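Chain by chain, the residues run as shown.
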Amino acid sequence: MPAKYKLVLRKDMRKDAAEGSKLYYASANTTGTCDVYELCDLISAQSTASSGDVKLILDELVNVMRRNLGKGEVVKVGELGSFQLQFGSIKSRRIVFRPGKLLKDAIKNYTFEKIASGAPDEGSAGGEDDRPGEL
């Protein structure tokens with residue numbers, strides 16, 4: 001199934017962009033949310049662990065990550081990827097996720113499909129191309 005996108009009119013962020021110029025940018029369209037309970041059910045259906053066992057493991061993973069990130073360690077979670085604490089100042093703290101090779105490779109095989117929409121306007125879909133385009 002192809003990943004769906006729409007074109008959204010946004011400010012042109014290129015270095016040489018004229019003042020006030022805008023471009024259409026492709027924006028991924030979400031089709032819903034897979035919450036932790038559904039995720040646990042899906043994982044348990046493919047393993048011998050119960051949904052509750054999977055939830056217990058995920059909860060403990062968060063606890064271990066909190067502790068180890070606080071110690072300044074990079075937390076590597078196998079093929080999922082790695083997590084690292086990063087900050088620009090003491091007040092600007094965040095956790096950076098770097099996907100593993102399997103996830104990176106997976107997106108190379110995705111196909112894309114543009115969502116048909118009405119007249120383009122700021123903040124909504126429009127245009128005919130999946131690349132940014134000048135107005």
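Nothing here was measured: the structure is a model prediction, and the numbers come from that model. (Residues numbered from 1 in each chain as written. Predicted model: local features only at pLDDT ≥ 70, side-chain atom pairs only at ≥ 80, totals over all residues. Heavy atoms only, no water.)

Novice: So what's going on with the sheet that holds strand S3 (residues 75-77)? Residues and values would help.
Specialist: The pairing of strands in a sheet happens through backbone hydrogen bonds and is either parallel or antiparallel. Overall, antiparallel pairing links the 3 strands, which are arranged S3-S4-S5 in an open sheet. Two strands in the sheet have a free side with no partner beyond their single neighbour: S3 and strand S5 (93-99). On average, each strand axis in the sheet is inclined to that of its neighbour by 25 degrees, with strand direction left out of account. Bridging between S3 and strand S4 (residues 81-87) involves 3 bridges; their strand directions are antiparallel. Along S4, the bridge assignment pairs Val77 with Gly81. (Pairing = 2+ DSSP bridges. Helix = DSSP H or I, 4+ residues; strand = E, 2+ residues; numbered from the N terminus. Axes fitted to C-alpha atoms, helices over the stretch in contact; angles between N-to-C directions.)

Novice: So, helix H2 (residues 51-70): which residues are in play, and what are the values?
Specialist: The end-to-end C-alpha separation of H2 is 29 Å, in line with the 28 Å expected for 20 residues at 1.5 Å each. Listed in full, the buried residues belonging to H2 are Val54, Met65, Asn68 and Leu69. Summarising the axial view, the buried residues of H2 lie within an arc of 90 degrees, below the 170-degree limit, and thus occupy one face. The exposed residues of H2 that point more than 90 degrees off its buried face are Leu56, Arg66 and Gly70. Buried positions along H2 lie against helix H1 (36-45), S3, S4 and S5. (Expected span 1.5 Å × (residues − 1). Buried < 20%, exposed > 50% of the residue type's maximum accessible area, 1.4 Å probe, protein only. Arc of directions from axis to C-beta. Contact = heavy atoms within 4.5 Å.)

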